[in-house]
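Fold and geometry: a report
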Amino acid sequence: MNGLLRPLPLPAARHPDDAVPLAGSAAFRFRQVSDAQGVSHPLTALDPAQLHRLSAPRATICGLTLDRPRIMGILNVTPDSFSDGGTLGDVAAAVARAADMARDADILDIGGESTRPGAAYVTPEDEIARTVPVIRAIRAAGITTPISIDTRKAAVAAAALDAGADMVNDVTALRFDPDMAQVVAQAQCPVFLMHSKGDPETMQNGPTYEDVTAEVFDHLAGSIARAMDAGIARHMIITDPGIGFGKTLDHNLTLLRDLAVFHDLGLPILLGASRKRFIGTITGVDQADQRLPGSLAVALHGVALGVQVLRVHDARQTREAIDMALALNGVSHER
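Residues numbered from 1 in each chain as written. Predicted model: local features only at pLDDT ≥ 70, side-chain atom pairs only at ≥ 80, totals over all residues. Heavy atoms only, no water.

1. Looking at the pairing of strand β8 (residues 167–170)
Threshold: Any residue under 20% of the maximum accessible area for its type is buried, any over 50% is exposed, and the rest in between are partly exposed; the area is computed with a 1.4 Å probe on protein chains only. Numbering of helices and strands runs from the N terminus, with a helix taken as a DSSP run of H or I at least four residues long and a strand as a DSSP run of E at least two residues long. Strands pair, by our definition, only if DSSP identifies at least two bridges between them. Note on handedness: a clockwise path from strand one over the helix to strand two, with the strands aimed away from the viewer, defines a right-handed crossover.
Side-chain alternation along β8 places Met167 and Asn169 on one buried face and Val168 and Asp170 on a second face that is also buried. The sheet contact formed by strand β7 (residues 147–150) and β8 spans three bridges and is parallel. Among the inter-strand pairings, Asp150 is bridged to a residue of β8, identified as Asn169. In this view, the connection linking β7 to its parallel neighbour β8 by way of helix α4 (residues 154–163) has right-handed handedness. In terms of strand pairing, β8 meets strand β9 (residues 191–194) through three bridges, oriented parallel. Note on β9: the bridge partner recorded for Val168 is Val191. The parallel pair β8 and β9, bridged by helix α5 (residues 180–187), forms a crossover whose chirality is right-handed.

2. Digging into the packing of aromatic side chains
The test is simple: Whether two aromatic rings pair depends on their centres lying within 6.5 Å, for rings of Phe, Tyr and Trp, where Trp uses its six-membered ring; planes under 30 degrees apart make the pair stacked, over 60 edge-to-face, and the rest tilted. By the criterion adopted, a ring carries a charge over it if an Arg CZ or a Lys NZ lies within 6 Å of its centre and within 35 degrees of its normal.
The tally for this structure, following the rule as stated, stands at two aromatic pairs. Just above the ring of Phe176 sits the side chain of Arg152; from NZ or CZ to the centre is 4.4 Å. Sitting above the plane of the Tyr209 ring, Lys197 keeps its charged end 3.9 Å from the centroid.

3. Let's talk about helix α9 (residues 292–304)
Here is the rule: A helix is expected to span 1.5 Å multiplied by its residue count minus one. Any pair of residues with heavy atoms lying within 4.5 Å of one another is described as a contacting pair.
With 13 residues, α9 ought to run about 18 Å at 1.5 Å a step, and its terminal C-alpha atoms sit 18 Å apart, in line with that. Among all positions of α9, only Gly294, Ser295, Leu296, Val298, Ala299, Gly302 and Val303 are buried. In the core, the buried residues of α9 are packed alongside α7 (249–257), β11 (270–271), α8 (277–283), β12 (309–312) and α10 (315–328). Gly306, located one to two residues past α9, shows a positive phi value of around 90°.

4. Quick notes on the sheet that holds strand β10 (residues 237–240)
Read across the sheet, eight strands follow the order β10-β9-β8-β7-β6-β5-β12-β11 without closing on themselves; strand pairing throughout is parallel. In the strand order of this sheet, the two ends are held by β10 and β11, each with one partner.

5. Considering unusual backbone geometry
Keep in mind that most residues, glycine aside, have a negative phi and that most peptide bonds are trans. Its identity as a non-glycine residue notwithstanding, Ala23 has a phi of 50°, on the positive side. Within the secondary structure layout, Ala23 lies in the loop between β2 (20–21) and β3 (29–34). Here the phi dihedral of Leu174 falls at roughly 75°; this positive angle occurs in a residue that is not glycine.

6. Remarks on the packing of α4 against α5
What counts is decided by this rule: In this description, a line fitted to the C-alpha atoms serves as the axis of each element, helices being fitted only across the stretch in contact, and the angle between N-to-C directions of two axes falls anywhere from 0 to 180 degrees. Note on terminology: angles under 35 degrees are roughly parallel, angles over 145 are roughly antiparallel, angles of 65 to 115 are roughly perpendicular, and the others are oblique. The handedness criterion is simple: a crossing whose near helix is rotated anticlockwise from the far helix by less than a right angle is left-handed, and one whose near helix is rotated clockwise is right-handed. Gly is put with the polar residues, along with every residue not named as nonpolar or charged; the nonpolar set is Ala, Val, Leu, Ile, Met, Phe, Trp, Tyr, Cys and Pro, and the charged set is Asp, Glu, Lys and Arg.
Two elements in contact, α4 and α5, have axes separated by 8 Å at closest approach and are oriented at 20°. In terms of orientation, α4 and α5 fall into the roughly parallel class. Crossing geometry of α4 relative to α5 is assigned as right-handed. Contact residues: α4 offers Ala154, Ala157, Ala158 and Leu161, while α5 offers Met180, Val183 and Ala187. Classifying every residue of the contact of α4 with α5 gives seven nonpolar, no polar and no charged.

7. Things to note about the environment of Ser274
Under the convention used in this document: The term polar contact refers here to a pair of N or O atoms within 3.5 Å; inside protein, the definition further demands a hydrogen-donor-capable atom paired with an acceptor-capable atom, and it admits residues adjacent in sequence only when both atoms are side-chain atoms.
Relative to the helices and strands, Ser274 resides in the loop between β11 and α8. Judged by its relative accessible area of 8%, Ser274 is buried. Of the polar contacts made by the side chain of Ser274, one reaches the side chain of His313; its length is 2.7 Å.

8. Focus on the packing of helix α6 (residues 212–229) against α7
At their nearest, the axes of α6 and α7 sit 9 Å apart, and the two run at 70° to each other. It follows that α6 is roughly perpendicular to α7 by the angle criterion. The two elements α6 and α7 cross, and the hand of that crossing is right-handed. For the pair α6 and α7, the contacting residues are Val212, Thr213 and Val216 in the first and His251, Thr254 and Leu255 in the second. Tallied by class, the residues present in the contact of α6 with α7 amount to three nonpolar, three polar and no charged.

9. A closer look at the pattern of salt bridges
In plain terms, the rule: A pairing counts as a salt bridge when a side-chain nitrogen of Lys or Arg comes within 4 Å of a carboxyl oxygen of Asp or Glu.
Here the structure, examined in full by the defined rule, presents 14 salt bridges. With its nearest N and O atoms 2.8 Å apart, the salt bridge here joins Arg6 to Asp258. With a gap of 252 residues between them, Arg6 in strand β1 (residues 6–10) and Asp258 in the loop between α7 and β11 connect regions that are remote in the sequence. Residue Asp100 pairs with Arg103 through a salt bridge whose shortest N-O separation is 2.8 Å. Classification of Asp100 by relative accessible area gives partly exposed; the value is 43%. Judged by relative accessible area, which is 57%, Arg103 ranks as exposed. A single network of salt bridges, built from pairs that share partners, joins Glu113, Glu127, Arg152 and Lys153.

This is the structure:
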């Protein structure tokens, strides 16, 4: 079978005997797929490689199994991020926020450059000055939660990894800085590859696609191949469709409906939609930090479609919602 394949998850806690895990999920299974034309097919229509990509357990990242959704808590040490910029005045405040978030988050994602639409470029030196002292202080405080450095710059990634970070989250999928792939390959660390179009300053200036799902899928497939060519191990890669990065409202909604398609890449999926503008547009909530209900709705939608990592601002509330969703599907809430 050719073209994009969408596994059709079964929501009930009791699954038919012929159903298989959805991308290694302990909660969700499937026994049918739909093709690009929306026609449903049984699993017997898949070749073994396709079935493996859609159903196999995903590799652990920094000791975290991905048979249940993991929470990546957002810790922005920037003055201008769209939702929480400027809220952490110094290193001590950032460490306190990290300690609180680590009670519920499986990963801490620390960023020193805003990537909101229209955001200005930050030099590597300034970005390092914002993030590295925080990472060092978090580790000095005895917080052992895996840390991701949210950056598109190789020098920042290298400095953060040296300071105690464990993985790299690159919103440009290694495209912005030609040295980034080498840094990740040498560190042998996990890397999040996100689809984006343009840069933060211009990405929302009328983005267009003929088929947004197919184009994002192909872009991520190409990014995976380039990363592997640079020496990055396949099992170290996590994909991200890049909600809100060079997409209109309709593009975002289409990608969210089609999230299960990206399991055919055979790698974990990160979903980062927390508090984003499209949620405010739909719900009528202008203030970003008041978009928790809409953010939880999107997060639970992603969980039901087998997403392995959720990047969120509100870790505790998201954890509670996930625990409830898993319990309803017969899975223990224990982390």
